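Each chain, written out:
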Amino acid sequence: MTTLVLAFALMQATPDALSEQAIELASAGSVEEAVGLWRKAVQMAPAHFPSLFNLGFTAVRQGQDEEAAQWLRRAAAANPKDFNTAYLLGTALARQNQTEEALRVWRTALALQPENRKLMQVMSVEYSKGRYFADAARMAEAALRLAPEEMPLYFLAMKARQDAGQFDEAHALARRALGRFPESARANFEVGFHLHKMGRWDEAMPYFEKAITLDGVYEEPHYFRGDVLLRQEDPAQAEAEFRKALERRAEYTVARLALARALMAQGKLEGAAEELREAAHRDEGNPQPHLLLSQVLFRMGKTEEAKAAKEVSQRLRTAKPELLNVPQPRPFPNR
Amino acid sequence: MRDFTILIASLALLAGAFAQGISTQGAAAAARMKPSGRPFGVKLTDVAAQVGLRARFVSGGESTKKYILEANGNGVAFLDYDNDGWDDIFLVNGTQFGAAQAGGNYLFHNERGRFVDVTRRAGMTHTGWGSGACVGDVDRDGFDDVFVTYWGANVLFRNTGKGGFKEEVWPDKGEWSTGCSFLDYDRDGQLDLVVTRYVGFELAKAPLPGSAANCQWKGAPVFCGPRGLPTGGLTLYRGKGDGTFTEAMRREGFYGFTTVATDLNEDGWTDIYIASDSSPSLFLRNNRNGTFTELGAETGLAFNEHGYEQGGMGVAAGDFDNDGRLDLIKTNFAGDYPNLYRNIGGGIFEDVVMKAGLAVNPQYVAWGVGLVDFDNDGWLDVFQVNGHVFPRLAGEPYANPRLLYRNLGGGKFEDVSTIAGPGVAQRASSRGAAFADFDNDGDIDVLIMNMHEGPSLLRNDSTSGNGWLQVLLSGGGLGAVVTLEVGGRKQAQTVLSQTSFLSYNGRRLHFGLGKAAKVDGLTVAWPSGRTERFAVEGVNKLVRLEEGTGKK
């Protein structure tokens with residue numbers, strides 16, 4: 001049947017007809033044949049936009065991003081006003097980690113659909129990946145202005161502000177989110193988180209507690225509540241909170257490290273070592289459990305074991321230095 | 001053409017999957033505590049020009065810094081080189097490329113609070129890319145000698161005892177030395193020396209600004225390093241007893257800066273702590289057999305409380321919580337807090353910077369630091385000098401004010417920078433700082449190195465009315481720990497050959513006594529291992545203590 005359709009299509013022999021037929025084939029699952037027809041159409045008319053676009057689109061779907069980018073560049077040249085082409089081309093480039101090129105193409109797409117907040121959201125994320133945090137924040141906040149009812153946009157914007165080192169702005173966004181969504185566990189947590197980051201621990205606590213009340217499976221408020229308790233020199237209560245965080249997410253390494261600290265503060269060094277070994281086991285590439293383990297073992301007088309743990313930590317640090325680097329913001333390079 | 005909106009939306013979701021979770025990193029300025037309202041009574045005023053302290057620091061290009069060598073500036077020192085009871089001033093200086101004679105160190109003689117430039121007369125005219133200084137009486141003639149680190153050959157300036165120095169240039173190994181400290185690590189009575197190196201820097205091979213990822217700062221091309229450049233390290237030299245040294249240990253793999261040498265684990269033997277830039281800081285525990293074991297990570301002194309490496313610059317030792325144990329404070333690069341490492345005993349430390357209220361100004365690149373008692377209330381305050389490394393960076397000024405935090409007791413500090421006088425508010429791109437009582441009026445003053453300017457000398461005009469005691473140990477007492485008992489509290493201080501940022505505070509230890517009319521007791525743990533107790537009569541004076549004359 002497919003062969004017949006193909007033969008018929010070739011007899012028709014106009015690029016538009018070939019492309020239409022190819023779309024039918026693609027929809028029926030015969031993607032290879034469809035690609036053949038689009039290629040044929042492009043051979044006949046090198047600037048045939050639908051075929052170029054569909055070749056690019058298909059390649060994107062198949063994860064062939066380099067090829068997709070080639071087709072989509074040609075499609076964009078053939079029809080520079082097409083939003084979808086620019087959007088897909090940006091996607092193909094982003095997936096190849098060509099962040100700046102992707103963002104430039106997406107900027108074109110955004111000019112075609114200036115109120116496309118989904119694109120703004122995607123761009124914000126991509127700006128953040130490139131450490132263009134100020135641009136990420138600007139984009140997320142632009143999306144937020146268009147859709148102030150969309151809670152995730154607040155979180156996207158506040159994360160970007162925070163990464164940009166604009167902590168007051170991030171805190172203000174958290175307050176705005178809470179004003180709009182007072183019964184959101186996440187919104188309550190975010191306000192607490194930003195207060196915590198500024199060292200306003202007492203003020204942060206009610207927000208963590210509200211978040212816990214609103215969402216029984218939310219682990220992060222437990223961790224941060226525990227952190228405040230530890231700083232307030234109440235390690236026993238802190239330990240309980242860290243354990244709750246870990247009951248909710250056993251792979252929560254930061255909480256397990258904190259649990260170990262709480263145990264250390266109570267002199268429970270064996271328990272701390274046990275938790276740190278567990279953290280190291282669950283999060284193999286992370287140097288931090290080994291580092292803290294070296295401190296615990298040293299306190300226990302096990303100096304050789306402590307040294308060994310330290311060396312593992314150093315090895316992991318050297319292997320993946322980016323794990324422990326705080327990304328620095330930078331301006332988007334205009335050219 | 002068909003509508004692909006649905007599929008495109010799904011791709012958007014895929015991209016959205018890259019959204020990051022909550023970051024627990026990045027140094028926001030911590031909230032300030034409510035002002036205590038307690039009077040401070042300290043006014044620091046820059047009197048450098050007024051008292052004759054005129055000099056100019058040179059450190060490569062002023063407006064652009066092509067190489068990291070041009071960025072770090074120098075240490076400064078208060079030292080009483082002629083033993084007349086007045087702290088003189090020594091300034092380490094850099095130079096410029098293509099102008100080998102530019103710069104040059106300075107020595108100023110203190111003439112009852114006024115300074116006279118005696119550099120030439122004293123034979124201290126050496127020029128070069130100087131870094132820091134450490135001081136000790138190498139030949140035990142009773143006069144302090146000065147070791148100056150350089151990019152290139154280091155120089156030991158031997159004090160002739162006749163108002164001058166004899167220059168002794170060490171072999172040039174093509175290295176960039178920064179920190180140094182004299183110490184007696186093997187208790188043989190001879191001073192040994194530890195010297196740190198920052199990076200492996202070869203001008204001909206040095207990469208140019210913007211040429212690699214480690215040559216950018218927030219997207220702008222800047223000088224490269226320290227990461228990406230060959231690491232530095234340390235060399236420990238053993239004093240042979242005739243005033244010469246032999247290499248005893250060498251270690252690589254870190255970007256070493258300020259080096260302090262004292263007994264941090266309270267076992268009676270002098271240890272070494274090194275603030276390291278962009279690499280773990282080092283705690284070298286003295287093994288009591290002529291060797292050291294690096295225990296920075298194990299003891300909590302290598303990283304911040306979350307286990308992150310920091311851009312360590314300066315370090316000071318002192319007992320901020322008056323528990324009789326030496327704590328450490330370390331300054332770091334911008335976007336980070338200092339570390340306040342509280343000594344909890346057994347050679348273990350914990351970083352309590354957040355709890356202490358010292359995390360309120362992470363915006364500055366911080367360098368020189370002192371744990372000193374400005375108002376003589378018996379609690380060590382914190383003074384910190386700042387200055388960016390990139391001269392022209394949008395939004396990040398090169399020149400910054402200084403910071404002064406008063407110690408409120410109970411482990412808490414309060415930022416009093418805005419009420420502590422014009423010398424604190426003054427902006428400069430500062431590096432080294434030293435702390436001593438240059439005018440012998442019973443309070444601590446501050447000497448500061450400022451890039452491409454003259455030094456600042458902040459005179460402390462204290463109105464606190466609190467008492468004080470200064471302690472001078474025989475033989476210099478480098479690494480000795482002096483514990484004062486007053487008003488039911490113990491205050492520990494130590495004599496350091498280097499501290500702050502590549503700087504030296506002089507031999508005298510200065511204790512604030514508050515309103516106490518007497519000192520209850522004074523104990524010296526000498527670097528020889530001997531611990532002695534001394535009776536102190538009276539307050540507001542300098543006491544000289546001779547090893548072997550106290551009670552065991």
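Residues numbered from 1 in each chain as written. Chains lettered and ligands numbered in written order. Predicted model: local features only at pLDDT ≥ 70, side-chain atom pairs only at ≥ 80, totals over all residues. Heavy atoms only, no water.

**Quick word on the overall build of chain B**
Rules: Numbering goes from the N terminus for both helices and strands, where a helix is a DSSP run of H or I of at least four residues and a strand is a run of E of at least two. The globule rule used for comparison is 2.2 Å times the number of residues to the exponent 0.38, while the radius of gyration itself is calculated over C-alpha atoms. Buried, partly exposed and exposed residues are distinguished by accessible area as a fraction of the type maximum, computed with a 1.4 Å probe on protein chains only: under 20%, between the cut-offs, and over 50%, respectively. Each accessible area is a Shrake-Rupley estimate made with a 1.4 Å probe; only the visible protein chains count as cover when residues are assessed.
Broken down by element type, chain B carries 5 helices and 37 strands. In terms of overall dimensions, chain B is globule-like: its C-alpha atoms have a radius of gyration of 23 Å, near the 24 Å expected for 552 residues. Each of the three principal axes of chain B carries a C-alpha extent, and together these read 100 × 55 × 50 Å. Sorting the 552 residues of chain B into buried and exposed places 64% on the buried side. Accessible area for chain B stands at about 18800 Å²; split by element, carbon and sulfur atoms hold 50% of it.

**Thoughts on the pattern of salt bridges**
Using the following cut-off: Salt bridge criterion: a side-chain nitrogen from Lys or Arg within 4 Å of a carboxyl oxygen from Asp or Glu.
Taken as a whole, this structure holds 55 salt bridges over all chains when the rule is applied. Between Lys 310 of chain A and Glu 298 of chain B there is a salt bridge, with the nearest N and O atoms lying 3.2 Å from each other. Here Lys 310 of chain A, found in helix H19 (residues 303-319), pairs with Glu 298 of chain B, found in helix H3 (residues 296-299), and the two come from separate chains. According to the relative accessible area criterion, Lys 310 of chain A is buried, its value standing at 9%. For Glu 298 of chain B, a relative accessible area of 2% translates into the label buried. The closest approach of N and O atoms between Arg 508 of chain B and Asp 87 of chain B, which form a salt bridge, is 3.2 Å. One end of the pair, Arg 508 of chain B, is in the loop between strand S33 (489-494) and strand S34 (509-514); the other, Asp 87 of chain B, is in the loop between strand S2 (76-79) and strand S3 (88-91), with 421 residues separating them in the sequence. Each member of the pair, Arg 508 of chain B as well as Asp 87 of chain B, is classed as buried.

**Some words on the environment of Ala 250 of chain A**
Residues and elements named next belong to chain A. Note the cut-off: It only takes one pair of heavy atoms within 4.5 Å for two residues to be counted as in contact.
Tracing the sequence through the fold places Ala 250 in the loop between helix H15 (235-248) and helix H16 (253-265). Classification of Ala 250 as partly exposed rests on a relative accessible area of 29%. Beyond its immediate chain neighbours, meaning those up to four positions away, Ala 250 contacts Arg 256 and Arg 282.

**Notes on unusual backbone geometry**
Residue and element names in this part refer to chain B. With an omega dihedral of 5°, the bond running from Gly 225 to Pro 226 counts as a cis peptide bond. With respect to the helices, strands and loops of the structure, Pro 226 is situated in the loop between strand S13 (220-221) and strand S14 (231-239). The phi dihedral of Arg 112 is positive, around 55°, even though this residue is not glycine. Summarising the element assignment, Arg 112 is placed in the loop between strand S4 (106-111) and strand S5 (114-117).

**Let's talk about the interface of chain B and chain A**
Stated precisely, the cut-off is as follows: Accessible area that two parts lose when put together, evaluated with a 1.4 Å probe and summed over both, is termed the buried area. What qualifies as a polar contact is a pair of N or O atoms within 3.5 Å, subject to a donor-acceptor requirement within protein and to the restriction that residues adjacent in sequence count only when both atoms come from side chains. Side-chain classes follow a simple rule in which Ala, Val, Leu, Ile, Met, Phe, Trp, Tyr, Cys and Pro form the nonpolar group, Asp, Glu, Lys and Arg form the charged group, and the remainder, Gly included, forms the polar group.
Contacts between the two partners involve 48 residues from chain B and, on the opposite side, 56 residues from chain A. Interface area, chain B with chain A, both sides summed: about 4600 Å², of which 62% is carbon and sulfur. We note a salt bridge from Glu 233 of chain A to Lys 355 of chain B, for which the minimum N-O separation is 2.9 Å. Where chain B meets chain A, there are 10 residue pairs in polar contact (both at pLDDT 80 or more). Mapped onto the side of chain B that touches chain A, the elements with two or more residues apiece are helix H1 (5-16), strand S12 (216-217), H3, strand S23 (348-351) and helix H4 (353-356) of chain B. Element by element, the count of residues in the side of chain B that touches chain A is highest for H1 of chain B, at 7 residues. A breakdown of the residues in the side of chain B that touches chain A according to their chemical character gives 28 nonpolar, 12 polar and 8 charged.

**Focus on the packing of helix H12 (residues 185-197) of chain A against helix H14 (residues 220-231) of chain A**
Residues and elements named next belong to chain A. Condition: The convention used is that axes are lines fitted to C-alpha atoms, helices contributing only their stretch in contact, and that angles between N-to-C directions extend from 0 to 180 degrees. Note on terminology: angles under 35 degrees are roughly parallel, angles over 145 are roughly antiparallel, angles of 65 to 115 are roughly perpendicular, and the others are oblique. For any pair of crossing helices, the crossing counts as left-handed if the nearer helix is rotated counterclockwise from the farther one by less than a right angle, and right-handed if it is rotated clockwise.
The geometry of H12 relative to H14 is characterised by a closest axis approach of 10 Å and an angle of 30° between their N-to-C directions. It follows from the interaxial angle that H12 and H14 lie roughly parallel. Of the two possible hands of crossing, H12 and H14 adopt the one that is left-handed. Packed against H12, whose contacting residues are Phe 189, Phe 193 and His 196, the element H14 presents Glu 220, Pro 221, Phe 224, Asp 227, Val 228 and Arg 231 at the interface. For the contact of H12 with H14, the residue count by class is 5 nonpolar, 1 polar and 3 charged.

**Some thoughts on the nonpolar core**
Operational definition: Within this scheme, the nonpolar core is defined by two criteria: the residues are buried Ala, Val, Leu, Ile, Met, Phe, Trp, Tyr or Cys, and they are joined through side-chain atoms within 4.5 Å.
Counting residues in hydrophobic clusters, the biggest one holds 146 residues, and the most contacted among them are Trp 106 of chain A together with Tyr 273, Leu 340 and Leu 358 of chain B. One finds Ala 206, Trp 367, Val 372 and Phe 374 of chain B within the second-largest nonpolar core, a separate group that totals 43 residues.

**Notes on the state of the cysteines**
Residue and element names in this part refer to chain B. We apply this condition: Count a disulfide wherever a pair of cysteine sulfur atoms falls within 2.5 Å.
This model, assessed by the stated rule, comprises 2 disulfides over all chains. Sulfur-sulfur distance for the disulfide between Cys 215 and Cys 224 comes to 2.1 Å. On the sign convention where negative is left-handed, the bridge of Cys 215 and Cys 224, at about 105° about the S-S bond, is right-handed. We classify Cys 215 as buried; its relative accessible area is 0%. Counting only the cysteines that take part in disulfides, in the order they occur along chain B, gives the pairing 1-2, 3-4.

**Let's talk about the sheet that holds strand S26 (residues 403-409) of chain B**
Residues and elements named next belong to chain B. How we decide: A pair of strands is treated as paired once DSSP finds two or more bridges between them.
The strand order S24-S25-S26-S27 describes an open sheet built from 4 strands, whose pairing is antiparallel. For this open sheet the edge positions go to strand S24 (366-372) and strand S27 (412-415), each flanked by a neighbour on one side alone. Direction aside, neighbouring strands of the sheet carry axes that sit 25° apart on average. One ladder, built from 3 bridges, connects strand S25 (residues 381-386) with S26; its direction is antiparallel. Residue pairing in the sheet places Gln 384 in a bridge with Leu 403 of S26.

**Examining the packing of aromatic side chains**
Residues and elements named next belong to chain A. Here is the rule: When the centres of two rings from Phe, Tyr and Trp lie within 6.5 Å, Trp using its six-membered ring, the rings pair. Their planes under 30 degrees apart give stacked, over 60 give edge-to-face, and anything left gives tilted.
Considering all chains together, one arrives at 43 aromatic pairs over all chains under this definition. Here the aromatic rings of Tyr 223 and Phe 242 are separated by 5.8 Å at their centres, their planes lie at 40°, and the arrangement is tilted. Taken together, the positions of Tyr 223 in helix H14 and Phe 242 in helix H15 put the pair 19 residues apart, joining distant regions of the chain. When sorted by exposure, Tyr 223 lands in the same class as Phe 242, which is buried.

**Quick word on the sheet that holds strand S11 (residues 192-199) of chain B**
Residue and element names in this part refer to chain B. Spatially, the 4 strands line up as an open sheet ordered S10-S11-S14-S15, and their pairing is antiparallel. The open sheet has two edge strands, strand S10 (177-183) and strand S15 (245-254), and neither has a second partner. For this sheet, the mean angle separating the axes of adjacent strands, direction not counted, is 15°. Sheet analysis places S10 next to S11, joined by 5 bridges and oriented antiparallel. Residue pairing across strands places Ser 177 opposite Arg 197, the latter belonging to S11.

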